[in-house]
Amino acid sequence: MTLTVASWNVNSIKARLPNVLDWLREAKPDVACLQEIKTVDEGFPRMEIEDLGYNIETHGQKSYNGVAILSRYPIEECAARLPGDEEDEQARYLEAVIAAETGPVRVASIYLPNGNPAPGPKYDYKLAWMERLYQHAKGLLELEEPLILAGDYNCIPRDSDCWDPGVWAGDALALPQTRAAFKKLKWLGLTEAFEQLDNRGHQYTFFDYQGGAWQKGYGIRIDHLLCSAQAADALEKIEIHTKTRGQAKASDHIPIVGTFAL
């Protein structure tokens, strides 16, 4: 039996609701981790999504950020906020245990800070946030359970994960410190799903709205599924649902979906 876990930065759930509903009907992911929902919890369109058979947990924020977890199975042990900074009010992290038929699976929906302009306070916040995620993930891995940290990491892991390394060289998404922090996460014992099963260059999950990026193929890969050994061993397939980017009023991000034989 398999479990499909998706990550998608929807760039406003209200603005993209028809697209999201169409994708949920077609792709039918068991679990969908959404980022940038850009609404408070009360404003999330629960009814429309619940009608498709999903349980919903959100950690929202007015106009900015916000994350959600949708699941066809019961959601347990839900916890919002990333530990390590009690003064951080940005809604960027939501973690839950999915009570799947295959057994419990811990997932998190992550919207990692962009960090631009770099250097500067926004980049300092990004690196501090990544260190907090590292410390938290270290504890989660000690549980020795299937764990999938799904989200928009705002990190281009390699030069071959962007259309032109020269254009992105000075961007916070591709700076050496960002890539080093991402590698540090993986060195804990986390496996990047795409890297494990595909690892081709120039397979993108984001195309900017500016400059005709989608039409020109000017993309980057910044949405990732990081998996514990228990999840990585069960990983059977990884897909990037590129056609969603070509729809009217599309998000600038594309869903990435992992299939796990748990």
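Summarised in this report is the structure supplied together with it. (Residues numbered from 1 in each chain as written. Predicted model: local features only at pLDDT ≥ 70, side-chain atom pairs only at ≥ 80, totals over all residues. Heavy atoms only, no water.)

## Let's talk about the overall build of the protein chain
Across its full length, the protein chain carries 8 helices and 14 strands. Relative to a compact globule of 262 residues, whose C-alpha radius of gyration would be 18 Å, the protein chain shows 17 Å and is just as compact. Considering only C-alpha atoms, the protein chain reaches an extent of 45 × 45 × 40 Å along its principal axes. Accessible area of the protein chain: about 11100 Å², with a carbon and sulfur share of 49%. Side-chain charges of the protein chain comprise 27 positive and 38 negative groups, with the mean position of each set lying 6 Å from the other. (Helix = DSSP H or I, 4+ residues; strand = E, 2+ residues; numbered from the N terminus. Rg over C-alpha atoms; globule rule 2.2 N^0.38 Å. Areas by Shrake-Rupley, 256 points an atom, 1.4 Å probe, with all protein chains shown as cover. Lys, Arg positive; Asp, Glu negative; His and termini not counted. Charge placed at Lys NZ, Arg CZ, Asp CG, Glu CD.)

## Section: the pattern of salt bridges
Scanning the entire structure with this criterion turns up 15 salt bridges. Note that E26 is salt-bridged to K243, the shortest N-O span being 2.7 Å. Taken together, the positions of E26 in helix α1 (residues 17-27) and K243 in the loop between β13 (235-240) and β14 (256-260) put the pair 217 residues apart, joining distant regions of the chain. Of the residues examined, E26 reaches a relative accessible area of 55% and is grouped as exposed. Residue classification places K243 among the exposed residues on the basis of a relative accessible area of 55%. A salt bridge links R46 to E50, with the shortest nitrogen-to-oxygen separation between them at 3.6 Å. Here R46 and its partner E50 are both found in helix α2 (residues 46-50), 4 residues apart, which amounts to about one turn of the helix. One salt-bridge network, held together by shared partners, links E77, E95, R106 and E145. (Salt bridge = Lys/Arg side-chain N within 4 Å of Asp/Glu carboxyl O. Buried < 20%, exposed > 50% of the residue type's maximum accessible area, 1.4 Å probe, protein only.)

## A few points about the sheet that holds strand β1 (residues 3-9)
The 6 strands are arranged β3-β4-β2-β1-β14-β13 in an open sheet whose pairing can be described as mixed. Single-partner strands in this sheet number two, and they are β3 (55-59) and β13. Neighbour-to-neighbour, the strand axes of the sheet open up by a mean angle of 15°, direction not taken into account. Bridge count between β13 and β14: 5 bridges; the pairing is antiparallel. Across the sheet, I240 pairs through a bridge with I256, a residue of β14. (Pairing = 2+ DSSP bridges. Axes fitted to C-alpha atoms, helices over the stretch in contact; angles between N-to-C directions.)

## Considering the packing of aromatic side chains
Enumeration over the complete set of coordinates arrives at 5 aromatic pairs. Here the aromatic rings of Y153 and F182 are separated by 5.6 Å at their centres, their planes lie at 75°, and the arrangement is edge-to-face. Linking Y153 in the loop between β8 (147-152) and α4 (165-168) with F182 in helix α5 (residues 176-187), this pair joins segments that are 29 residues apart in sequence. No difference in accessibility class separates Y153 from F182, as the two residues are buried. Aromatic pair F207 and W214: ring centres 4.9 Å apart, planes at 85°, arrangement edge-to-face. The rings of Y204, F207 and W214 are connected pair by pair, giving a single aromatic cluster. K184 extends its terminal NZ or CZ atom over the ring of Y134, reaching a point 4.3 Å from the ring centre. (Phe/Tyr/Trp six-rings, centres within 6.5 Å; stacked < 30°, edge-to-face > 60°. Lys NZ or Arg CZ within 6 Å of the ring centre and 35° of its normal.)

## Quick word on empty space enclosed by the protein
A complete count under the given rule lists 1 cavity of 30 Å³ or more for this structure. Its boundaries defined by the atoms lining it, the largest cavity holds a volume of some 40 Å³. As for the largest cavity, its lining consists of R81, L82, D85, D88, Q90, R92, Y93, W129 and R132. Taken together, the residues of the lining of the largest cavity break down into 3 nonpolar, 1 polar and 5 charged. (1 Å grid on protein atoms, 1.4 Å probe; cavity = no way out; pocket = protein on both sides within 12 Å on 5 of 7 lines; lining within 4 Å. Points joined across faces, edges and corners; volume = space filled by probe spheres on them. Nonpolar A, V, L, I, M, F, W, Y, C, P; charged D, E, K, R; others polar.)

## Looking at the side chain of S71
Here S71 shows up in strand β4 (residues 67-71). Within the local environment of S71, its side chain forms a polar contact with the backbone oxygen of Y73, the two atoms lying 2.8 Å apart. For S71, the contacting residues outside a window of four places in its chain are D30, V31, G53, Y54, N55 and I98. (Polar contact = N/O pair within 3.5 Å; in protein donor to acceptor, adjacent residues only side chain to side chain. Contact = heavy atoms within 4.5 Å.)

## With respect to the nonpolar core
In this structure, V31, I69, I98, V107, I148, C227 and F260 are the most contacted members of the largest nonpolar core, which totals 32 residues. By residue number, the principal contributor to this core is strand β6 (residues 93-100), which donates 4 residues. Apart from the residues within four sequence positions on either side, I98 is in contact with V31, I69, S71, Y73, P74, I75, G103, P104, V105 and V107. The next biggest cluster of nonpolar side chains, apart from the first, holds 21 residues, and it includes L140, L149, F182 and L190. (Core = buried A, V, L, I, M, F, W, Y, C linked by side-chain atoms within 4.5 Å.)

## Observations regarding the environment of F194
Position of F194 among the secondary structure elements: in helix α6 (residues 193-197). A relative accessible area of 2% means that F194 is categorised as buried. With 46 residues separating them in the primary sequence, F194 and I240 have C-alpha atoms 9.2 Å apart. In contact with F194, not counting residues within four places along its chain, are R158, N199, R200, Q203, R221, I238, I240 and I256.

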